[in-house]
Amino acid sequence: MPRRARAPASSTLSGRRRRTPAGRTFVVGGCMEDLAATTNKLEQGMADIRTAVSLMDSEVKKLEAIHPMCVDNGMSYEERVEKRKAEMEALTRALCILDTNNVEERCIA
């Protein structure tokens, strides 16, 4: 089987060159649209990140404000249990003093 003769390089290139400018314009235009869309998405994403960071910063400030209330105040566990128990007994006595109609069962006795 004989080989096909190749077309001269100049005719192949000139044929591509005739089609290339229209193709390039289309491709470049599409790329520019994609670039604009991607840039918009990126800007929106960055705005969302800034909003989220701002919200996170305000919540961290709130946590830092209440942190001292949650930190160990130097009392041992047993001391805290005793203090809580004494506080509950004091609240129960106060409830019984205020319960003039004998509604609370623990104050009847």
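Residues numbered from 1 in each chain as written. Predicted model: local features only at pLDDT ≥ 70, side-chain atom pairs only at ≥ 80, totals over all residues. Heavy atoms only, no water.

1. Points about the overall build of the protein
To be explicit about the condition: Note on conventions: DSSP H or I runs of at least 4 residues are helices, E runs of at least 2 residues are strands, and numbering of each starts at the N terminus. In short, Shrake-Rupley with a 1.4 Å probe defines the accessible areas, and a residue's cover is counted only from the protein chains shown.
Within the protein, the secondary structure is distributed over three helices and zero strands. Scanning the protein from its N terminus toward the C terminus, one meets helices and strands in the order α-α-α. Here the protein displays about 10500 Å² of accessible surface, and carbon together with sulfur accounts for 61% of that area.

2. Re a nonpolar patch on the surface
Note the following rule: Here the term patch refers to residues with relative accessible area over 30% and no salt bridge, with like charges joined within 9 Å and nonpolar side chains (Val, Leu, Ile, Met, Phe, Trp, Tyr) within 5 Å. Every case where a carboxyl oxygen of Asp or Glu lies within 4 Å of a side-chain nitrogen of Lys or Arg is listed as a salt bridge. Relative accessible area decides the class of each residue, using a 1.4 Å probe on protein chains only: under 20% of the type maximum gives buried, over 50% gives exposed, and in between gives partly exposed.
Taken together, the side chains of Leu 42, Met 46, Ile 49, Val 53, Met 56 and Val 60 make up a nonpolar region of the molecular surface, amounting to roughly 520 Å² of accessible area. Summarising the element assignment, Val 53 is placed in helix H1 (residues 9-70). Val 53 gets classed as partly exposed once you look at its relative accessible area, which sits at 37%.

3. So, the pattern of salt bridges
The final tally for this structure, using the stated rule, is one salt bridge. Here Lys 62 ties to Glu 59 by a salt bridge, and the two come within 3.3 Å at their closest N and O atoms. A residue pair is termed a helical-turn pair when its members lie 3 or 4 positions apart in one helix, as Lys 62 and Glu 59 do in helix H1 at three residues. Using a relative accessible area of 42% as the deciding quantity, one classes Glu 59 as partly exposed.

4. A closer look at the side chain of Asp 99
In plain terms, the rule: By definition in these notes, contact holds between two residues if any of their heavy atoms fall within 4.5 Å.
Relative to the elements of secondary structure, Asp 99 occurs in the loop between helix H2 (77-98) and helix H3 (105-108). Once residues lying within four places of it in the same chain are set aside, the contact partners of Asp 99 are Glu 104 and Cys 107.

5. Points about the confidence of the model for the protein
Parts of the prediction with low pLDDT should not have their coordinates interpreted in detail. Filter applied, for reference: Every residue gets a pLDDT, meaning the predictor's confidence in that residue, from 0 to 100.
Looking at the protein, pLDDT values average 77 and 71% of them are 70 or higher. Segment residues 7-19: pLDDT under 50, and one contact once partners within four positions in sequence are set aside and those in other chains are kept.

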